[in-house]
Amino acid sequence: MGTKTMKKAIKSQIMNAVDKRFDQQVEFLSGLSTFASTRGQEQGAQEFMAGQLTERGYAVDSWAIDVRDIAHLPGFSPVIGNYDDAVNVVGTHKSRTNTGKSLILNGHIDVVPTGPLEMWDAQPFKPHCDNGWMYGRGTGDMKAGLAANLFALDALRAIHLQPAADVHIQSVVEEECTGNGALACLQRGYRAAAALIPEPFDEKLAIAQIGVIWFQVHLKGVPVHVLEAGSGANAIEAAIPLIAALRELEIGWNADDRKPPLYAHVDHPLNLNVGRIEGGDWASSVPAWCCFDVRLAIYPGQNIRQAQTEIENCLYQAANDSDFFRNNQPQIIYHGFLAEGYALADHPQTEATQAIVSLEQAHRIVSGERLQKFSVTATTDARFFGLYANTPALVYGPVAAAIHGFNERVNLESMRRVTQAIALFIADWCGLEKA
């Protein structure tokens, strides 16, 4: 039962079913957002998700990721430490007829740290609603998306229908630092004809996303008493010209002649961020060590190894300007994101065009407006499906504000519209059969 044959009455029934359960959906989002599911602390939230999927009768697969299973795979990002606490959850709907196209509904459970609590207006893991928004860390990025995936399927069941194809509902870890959670789903055998990820992108479709490289720069100096500072080598101060050199590299990569067509209209698509720095041991001692963490973006199609070589040459050349650091080169360690960019717009499969058209139609039915498309200057787990499983991955989710910042929030009416659009997309893409 595709778009051409799906009766107008059924479309209205699906949208009304979302409306009738929306209070429950808001309550679900609030409950899920009470879990402080930062990296390594996702287990409680994942148990909650597994319980919700089990209650709905889905076949639930919950497992701890073993790095040995995925370290050899394309798209793997290097990690520091172990994954004893990294748990993925997948619920599977099995169709009786399999007359439609299969689908992965993906979302990540992990959230970024809160930063200083005193800079929030309210406790970040005590979500509250105000003037049509729900506030709290992770409400927008991206637990509202997980709620939309689940309640879109609930709406179909409420009118005694279900997808006429297999659907995998994924709640993964590690999206904010490696993406290895989504990679582990691929390694475990979860495949489909398309994937949908409701990241908080303002009800727009991301047709391209950048890649991301994380690395640490370690510097060693010579510690002396501050009274003879001139005879030492200050490792913290040595970081300053190295960061400046990376800024020059960033400028070069953002030059118009380096931009691919999908980013030609974007003013500054590749962003460098020095996200953390530490060093030294004593205020009156010249610091003997310094370490700073960097995030730098790359374009879709840009070779990661070539980008790493440019980064390394940039840092080594900057170090050569110092008599001491010329012979004590910085040590560069890659950990976390080692992610390629991905462009849905360039995906070769005809299914990609079909999936985009289906989502466009669903969005127009709900909003009455044309679906806007854009090239995003962040990365998502879409790359794993698009690059390593030849599966078109659509990234489309609700309006949110201050994600990764203070007073993060999601617009509840936007979450409602996105849930309706996802439900209509499922009905068209997968087809429908009686529940």
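You'll find the structure just up there.
What you see is a predicted model; the values in this text were computed from it and never measured. (Residues numbered from 1 in each chain as written. Predicted model: local features only at pLDDT ≥ 70, side-chain atom pairs only at ≥ 80, totals over all residues. Heavy atoms only, no water.)

**Looking at the overall build of the chain**
Step number 1: Looking only at helices and strands, one finds 11 helices and 18 strands in the chain.
Step number 2: Relative to the globule expectation of 22 Å for 435 residues, the C-alpha radius of gyration of the chain, 23 Å, shows essentially globular dimensions.
Step number 3: Expressed along its principal axes, the backbone C-alpha trace of the chain runs to roughly 80 × 45 × 40 Å.
Step number 4: Of all 435 residues assigned to the chain, the portion counted as buried reaches 56%.
Step number 5: Pairs at least 24 apart in sequence give 84% of the contacts found in the chain among residues at least 6 apart.
Step number 6: When the accessible surface of the chain is split by element, carbon and sulfur atoms take 50% of a total near 18200 Å². (Helix = DSSP H or I, 4+ residues; strand = E, 2+ residues; numbered from the N terminus. Rg over C-alpha atoms; globule rule 2.2 N^0.38 Å. Buried < 20%, exposed > 50% of the residue type's maximum accessible area, 1.4 Å probe, protein only. Contact = heavy atoms within 4.5 Å. Areas by Shrake-Rupley, 256 points an atom, 1.4 Å probe, with all protein chains shown as cover.)

**Some remarks on the packing of aromatic side chains**
Any aromatic ring pair is given by two values, namely how distant the centres are and how the planes are angled relative to each other.
Step number 1: The final tally for this structure, using the stated rule, is 12 aromatic pairs.
Step number 2: Ring centres 5.6 Å apart and planes at 50° place the aromatic pair Phe35 and Phe48 in the tilted group. Of this pair, Phe35 sits in the loop between helix H2 (22-33) and helix H3 (43-55) while Phe48 sits in helix H3, and the two are 13 residues apart along the sequence.
Step number 3: The exposure class of Phe35 is partly exposed, given its relative accessible area of 27%.
Step number 4: The partly exposed category is assigned to Phe48, whose relative accessible area is 23%.
Step number 5: Here the aromatic residues Phe28, Phe35, Phe48 and Phe151 are joined through ring pairs into a cluster of three or more.
Step number 6: Above the plane of the ring of Phe151 lies Arg56, whose end atom (NZ or CZ) is 5.3 Å from the centre.
Step number 7: Residue placement shows Lys204 over the ring face of Phe374; its charged tip is 5.9 Å from the ring centre. (Phe/Tyr/Trp six-rings, centres within 6.5 Å; stacked < 30°, edge-to-face > 60°. Lys NZ or Arg CZ within 6 Å of the ring centre and 35° of its normal.)

**Here we look at helix H9 (residues 350-367)**
Step number 1: Taking 1.5 Å of rise per residue, 18 residues should cover 26 Å, and H9 covers 26 Å from first to last C-alpha, within 8% of that figure.
Step number 2: In this structure, the buried residues of H9 make contact with helix H1 (8-20), strand E9 (205-209), strand E14 (373-376), strand E15 (393-395) and helix H11 (412-430).
Step number 3: One or two steps after H9, the chain reaches Gly368, where phi turns positive at roughly 75°. (Expected span 1.5 Å × (residues − 1).)

**Quick look at the pairing of strand E7 (residues 167-172)**
Step number 1: Of all six residues making up E7, six are buried, and the element is well covered by its neighbours.
Step number 2: The side-chain alternation of E7 yields two buried faces, one formed by Val167, Ile169 and Ser171 and the other by His168, Gln170 and Val172.
Step number 3: As defined by bridge partners, strand E2 (residues 87-93) adjoins E7 across five bridges and the pair is classed as antiparallel. Across the sheet, the residue bridging to Val89 is Ser171, located in E7. (Pairing = 2+ DSSP bridges.)

**Digging into the packing of H1 against helix H5 (residues 139-158)**
Step number 1: As a packed pair, H1 and H5 sit with axes 8 Å apart at the nearest point and diverge in direction by 115°. For the element pair H1 and H5, the recorded crossing hand is right-handed. Note on element contacts: H5 touches H1 through Ala155, Leu156 and Ala158, opposite Ile14, Ala17 and Val18.
Step number 2: Residues of the contact of H1 with H5, tallied by class, amount to six nonpolar, no polar and no charged. (Axes fitted to C-alpha atoms, helices over the stretch in contact; angles between N-to-C directions. Left-handed = near helix turned anticlockwise from the far one by under 90°. Nonpolar A, V, L, I, M, F, W, Y, C, P; charged D, E, K, R; others polar.)

**What to know about the packing of H9 against H11**
Packed helix pairs are characterised by how far apart their axes lie and by the angle those axes make with each other.
Step number 1: Relative orientation of the contacting elements H9 and H11 amounts to 135°, with a least axis distance of 8 Å. Considered as vectors, H9 and H11 are oriented oblique to each other. At the point where H9 passes H11, the crossing takes the right-handed sense. Every residue of H11 that contacts H9 at Glu351, Gln354, Ala355, Ser358, Leu359, Gln361, Ala362, His363, Ile365 and Val366 is listed here: Arg417, Gln420, Ala421, Leu424, Phe425, Asp428 and Trp429.
Step number 2: Classifying every residue of the contact of H9 with H11 by side-chain character gives nine nonpolar, five polar and three charged. (Parallel < 35°, antiparallel > 145°, perpendicular 65-115°, else oblique.)

**Topic: the sheet that holds strand E4 (residues 128-130)**
Step number 1: Pairing within the open sheet is antiparallel, and its four strands lie in the order E4-E5-E17-E16. The outermost strands of the open sheet, each flanked by one partner alone, are E4 and strand E16 (400-401).
Step number 2: For E4 and strand E5 (residues 133-135), the ladder comprises three bridges, and the chain directions are antiparallel. Bridge pairing in E5 places His128 opposite Tyr135.
Step number 3: In the packing of H5 onto the sheet, contacts are made with E5, E16 and strand E17 (409-411), and the angle to E17 comes to roughly 45°.

**Quick look at unusual backbone geometry**
Step number 1: The omega angle of the peptide bond from Asp141 to Met142 is -10°, so this bond is cis rather than trans.
Step number 2: Checked against the element boundaries, Met142 lands in helix H5.
Step number 3: In the Ramachandran plot, His404 falls in the positive-phi region, its phi being about 70° despite a non-glycine side chain.
Step number 4: Mapped onto the elements, His404 comes out in the loop between E16 and E17.

**Here we look at the environment of Ala423**
Step number 1: Along the chain, the position of Ala423 falls in helix H11.
Step number 2: Judged by relative accessible area, which is 0%, Ala423 ranks as buried.
Step number 3: Between the C-alpha atoms of Ala423 and Leu153, which are 270 residues apart in sequence, the distance is 6.4 Å.
Step number 4: What Ala423 contacts, discounting residues up to four positions off in sequence, is Ile14, Ala152 and Leu156.

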